[in-house]
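# Coordinate analysis (summary)
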Amino acid sequence: MESMLNKLKSTVTKVTADLTSSVMGNPVTREFEVGRHIASGGPGTCWRIYDGIKKSTKQEVAVFVFEKRMIDKYQKFEKDQIVDSLKRGVQQLTRLRHPRLLTVQHPLEESRDCLAFCTEPVFASLANVLGQCENLPYPLPSEIKDYKLYDVEMKYGLLQISEGLSFLHSGVKMVHGNLCPENIILNKSGSWKIMGFDFSISSTNPSDAEPKYTCKEWEPNFPPLCLPNPEYLAPEYILSVSCDSASDMYSLGVVMHAIFNEGKPVFKVNKHDIFKSFSRQLDQLTTMNPALLNKIPEEVRTHAKMLLSVTPNVRPDADQMTKIPFFDDVGATTLQYFDSLFQRDNLQKSQFYKGLPKVLPKLPKRVVIYRILPALTSEFVNPDMVPFVLPNVLLIAEECTKEEYIRLVLPDLSPVFKQQEPVQILLIFLQKMDLLLTKTPADDIKNSVLPMVYRALEAPSVQIQELCLNIIPTFANLIDYPSMKNALIPRVKSACLKTSSLAVRVNSLVCLGKILEYLDKWFVIDEILPFLQQIPSREPAVLMGILGIYKCTFSHKKLGIPKEHLATKILPHLVSLSIDNNLNLNQFNSFMVVIRDMLSRMETEHKTKLEQLHLMQEQHKTINISNPGNQSEEVKNSSGNQIDDIFGSAGVNGKENGSASTSSQPNRMSLTLEEKQRLAKEQEQAAKLRSQQPLAPQAIKSASTTNTKTKDLTSSLLNNMTSLNSLALANTPRPAPVQGSTISAFPSPNPIMGPMGVQVSNGFNQPIGFQTGVMGMGMRPSGPGLYSGMATTTSTPNFGALNQGTNKAPDMSALDSLFTPSQPKVVLNQMGPKATPGTNTPWLNQFGSAQNTQTQIGMGSMPSGFGVQANPFFSPQNFSQPAAAPSLNQSGIKHSASTNNDLKDLFG
């Protein structure tokens, strides 16, 4: 492996050194940069062909180099003969100018090591293409190795050589003398050009109608480079030392045979016995075997046989060959027309370009790209011809690979992108925009292609704007999002608002509707939908376009419109548009269908949201009821509501100004400072409980601990209530009866009994009522109460015992039995759902009937308030005593299911 690498390295180094040593001293290198070795050509393929660039103009050229070391084996006079012959051929070529002759860009320059001259860009010689590899680079370039001539190339190539010979014979009165594949060059565009005038013979009487040519006798001892290629020479040149224009036509016949027979001439010549070989050849040509021409196309086979005739007068001349039917091929004619375009006027060119799209698919891709495309792009300098040439160029671009498009097409298209006149250029580009955006690099799209679209949207021509708006959706998926968001969409909106054409406005809306799927949801909501409300006109087509955008956005899976936007912006706008007088019945119905769909979805979404919120609230409430750790929040709510009921709406709970203001509250009295301090102390205790409560639900504590805290809290509240009631009954005048209230008769004829047979009393002979969160300050209507089944009376109760119990502490013996340490612990699975209002709970059943109760206590998570009888703002003697309504419980206060569950959690 290492040896191979070293060999390759030495080969590359040797080639580079040879090139440097042979060319660097030549004056050609002053003006031209010499590149890589690409081909060989000329007599005996002795000229090495390099690609090159002219330093001043960056124009591409081909550099022909003959290295003198190739003839070191010859003696000096032979070397001089070879050099003189080569110099003569190049000098003759430089003097001749014709499209069928190789064009010299820089004349021959000689240095100590080489001869060099520059020509038009070259691909290879015909000999290289036909398989002759002498003097070619190693390894053989793949372009030459894989090159196969198409029929149209061979036809048109032979036609070009015939035209070149016609120019030499008729125009210059010259015989080429050495027409062979080595002296036929294929340039970069595929045209066949003649070179190698080393042995050309000019007429001795050019002014006469019949030119005369004098040829030299064959010198077998001369070096091969000083002699023509004998395999392509006419027999008379060797046998009779005579030649004329017919001799070149014989050479053309041999070239034709070689083209269709993989580079093989008609006969092989023994160069050591040239005369004997030609004599034998002459006999074979006289009795030519038909199999010799089998591979030549039948249409030209007869002409080939005539060209190879022994008699020069039988051979057709060059001008006749250009007119044979074989060359009337569509492809060959098309290529020939391209070569003569410089002679045509604009009208003739336009007619040709209009029909060219029908011919292009019939031609080989290589011929189209390298032969036709350069001829088309050369017309871009003529603005009047661009609308006729451009469709053909874009048609060729569709068949190119992306690399070929970037290398061969885009450089010539870039200047055309900026042309604004004639207007057809813009229309053609818009119609092929998908092709341009697919194959053009991103930078060129941003700098050249999209600016052209923007100019079309801002064009003064309504037709241009319409076409652009219609075409944009077809390639919207190929435009990068920032360009669409920041440049394209704003111009479409501007065209819609500023135009005076209804067609442009409607097409703008249709365009926006079609490209919505390529936009971001919030960009549509923030930029597109508000824009619809700015459109000034109210034509039916415009209104339906607006409706279409709303409908597409609303129904699209990726987009959609939030219900807030539907309710506040979209629906009001649509409703106002729907009653426009310009709409017909079907259009109105279309509006109403969309409006109903929006309303239905908005209703469904919002209802679902509310149901979820309600469910979350219920779950949260269930957690608070089931988890004792959350009772501090209930204590907070209950305590705050109790204080609000006592002190009025101003409150003393710390969230207001802290001052008790009850002057505006009817049927309430101002408490003394001492009582306020007591209630403030109660609030501090509740806050302390709240601060000790953890955020997350904790494990259930033992029943004894919970019962102890509850007993302390209950005792404190009872003491506070006893003091308040004593103050109220001793010093407060009785208010007027409350109209519309129903008061249960007291005392109850039957005492309330607990489950253990103990009479339950709170000191005021009043049944105990329960209400969560607020204090009972008056009689409230209620549904079926906890005690709705108890017997009630309408007689005035006896309040004589009130003064007897004011200074006596209430009997708590019945409640003490509830807080014994023997109560079992509450486990999680015992925390059931909330009790239904109006149903009795086991704990409530302990309170059968009141005996001599004078204070009503509402108990929730903590004491929830005073009963009616304990409220110092009410005087029972002044109340009317109608019969109790069946819907009220004994206490006259609504029963709360959550209260029952709270009590169950507190007391087990």
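Data block above holds the structure.
Residues numbered from 1 in each chain as written. Predicted model: local features only at pLDDT ≥ 70, side-chain atom pairs only at ≥ 80, totals over all residues. Heavy atoms only, no water.

What follows is about unusual backbone geometry. A cis amide bond, omega 0 degrees, links Tyr-138 with the succeeding residue Pro-139. Relative to the helices and strands, Pro-139 resides in the loop between α3 (126–129) and α4 (142–145). One non-glycine residue, Glu-262, lies in positive phi territory at about 60 degrees. By the secondary structure assignment, Glu-262 is in the loop between α7 (245–260) and α8 (274–286). For Glu-262, a relative accessible area of 61% translates into the label exposed. (Helix = DSSP H or I, 4+ residues; strand = E, 2+ residues; numbered from the N terminus. Buried < 20%, exposed > 50% of the residue type's maximum accessible area, 1.4 Å probe, protein only.)

Within the element layout of this structure, Thr-334 appears in helix α11 (residues 330–339). The class of Thr-334 is buried, set by a relative accessible area of 6%. Of note is the side chain of Thr-334, whose polar atom sits 2.7 Å from the backbone oxygen of Val-330. For Thr-334, the residues in contact, after removing those within four places along its chain, are Phe-352, Leu-356 and Val-359. (Polar contact = N/O pair within 3.5 Å; in protein donor to acceptor, adjacent residues only side chain to side chain. Contact = heavy atoms within 4.5 Å.)

Before going further, it helps to examine helix α18 (residues 442–457). Here α18 spans 21 Å end to end across 16 residues, near enough to the 22 Å set by a 1.5 Å rise per residue. Along α18, the sharpest kink reaches roughly 30 degrees, centred on Leu-450 and followed within four residues by the proline Pro-451. Where α18 is concerned, the buried positions are Ile-445, Ser-448, Val-449, Leu-450, Met-452, Val-453, Tyr-454, Ala-456 and Leu-457. Where the residues of α18 are buried, they touch α15 (402–417), α16 (424–431), α17 (433–439), α19 (462–475) and α20 (481–498). (Expected span 1.5 Å × (residues − 1). Bend = angle between axes of the 7 residues up to and from the residue.)

Let's shift gears to a nonpolar patch on the surface. Taken together, Ile-579, Leu-585 and Phe-588 make up a surface patch of nonpolar side chains, about 310 Å² in accessible area. Mapped onto the elements, Phe-588 comes out in helix α25 (residues 585–626). (Patch = residues over 30% accessible without salt bridge, like charges linked within 9 Å, V, L, I, M, F, W, Y side chains within 5 Å. Areas by Shrake-Rupley, 256 points an atom, 1.4 Å probe, with all protein chains shown as cover. Salt bridge = Lys/Arg side-chain N within 4 Å of Asp/Glu carboxyl O.)

So, on to the sheet that holds strand β9 (residues 192–194). Spatially, the three strands line up as an open sheet ordered β6-β8-β9, and their pairing is antiparallel. Each having just a single partner strand, β6 (122–125) and β9 make up the two edges of the open sheet. Strand-to-strand, the axes of this sheet are offset by a mean angle of 35 degrees, without reference to chain direction. (Pairing = 2+ DSSP bridges. Axes fitted to C-alpha atoms, helices over the stretch in contact; angles between N-to-C directions.)

Turning our attention to the sheet that holds strand β1 (residues 32–41). Strand order in the open sheet formed by five strands is β1-β2-β3-β5-β4, and the pairing between neighbours is antiparallel. Each edge of the sheet is formed by a strand with only one pairing partner; in this case those strands are β1 and β4 (104–110). Strand-to-strand, the axes of this sheet are offset by a mean angle of 25 degrees, without reference to chain direction. Pairing analysis gives seven bridges linking β1 to strand β2 (residues 47–54), with the strands arranged antiparallel. Bridged to Glu-33 within β2 is Ile-53. The sheet strands contacting helix α2 (residues 76–95) are β2, β3 (60–67), β4 and β5 (114–119), and the helix crosses β4 at an angle near 155 degrees.

Taken as a whole and judged by the stated rule, the model has nine aromatic pairs. Look at Phe-123 and Tyr-147: their rings are 4.9 Å apart centre to centre, the planes differ by 35 degrees, and that puts the pair in the tilted class. Taken as a pair, Phe-123 in strand β6 and Tyr-147 in the loop between α4 and α5 (151–172) lie far apart in primary sequence, 24 residues in all. Ring centres 5.7 Å apart and planes at 55 degrees place the aromatic pair Phe-352 and Tyr-353 in the tilted group. Like Phe-352, the residue Tyr-353 is buried in the burial classification. Three or more aromatic residues link up through ring pairs in this structure, and these residues are Trp-47, Phe-64, Phe-66 and Phe-117. Between Arg-491 and the ring centre of Tyr-454, over which it is positioned, the NZ or CZ distance is 4.4 Å. (Phe/Tyr/Trp six-rings, centres within 6.5 Å; stacked < 30°, edge-to-face > 60°. Lys NZ or Arg CZ within 6 Å of the ring centre and 35° of its normal.)

So, on to the nonpolar core. Membership of the largest hydrophobic core comes to 181 residues, with the highest contact counts inside it found for Trp-47, Leu-149, Leu-413, Phe-429 and Leu-436. The greatest single-element share of this core, amounting to nine residues, is contributed by α7. (Core = buried A, V, L, I, M, F, W, Y, C linked by side-chain atoms within 4.5 Å.)

Further remarks concern the pattern of salt bridges. Any two side chains of opposite charge can pair, so long as their charged atoms come close to each other. This model, assessed by the stated rule, comprises 24 salt bridges. One salt bridge in this structure joins Arg-371 and Asp-339, with 2.1 Å as the shortest N-O distance. With Arg-371 in helix α13 (residues 365–377) and Asp-339 in helix α11, this pair connects stretches of sequence that are 32 residues apart. Taking the relative accessible area as the measure of exposure, Arg-371 reaches 8% and is therefore buried. Residue class for Asp-339 comes out buried when judged on its relative accessible area of 18%. Ionic pairing is found between Lys-365 and Glu-404, a salt bridge with its closest N-O pair at 3.1 Å. Remark: Glu-404 occurs in helix α15 and Lys-365 occurs in helix α13; sequence separation between them is 39 residues. A residue is classified by how much of its surface remains accessible, and Lys-365, at 37% relative accessible area, is partly exposed. Connected through salt bridges with shared partners, the residues Arg-100, Glu-163, Asp-339 and Arg-371 form a single ionic network.

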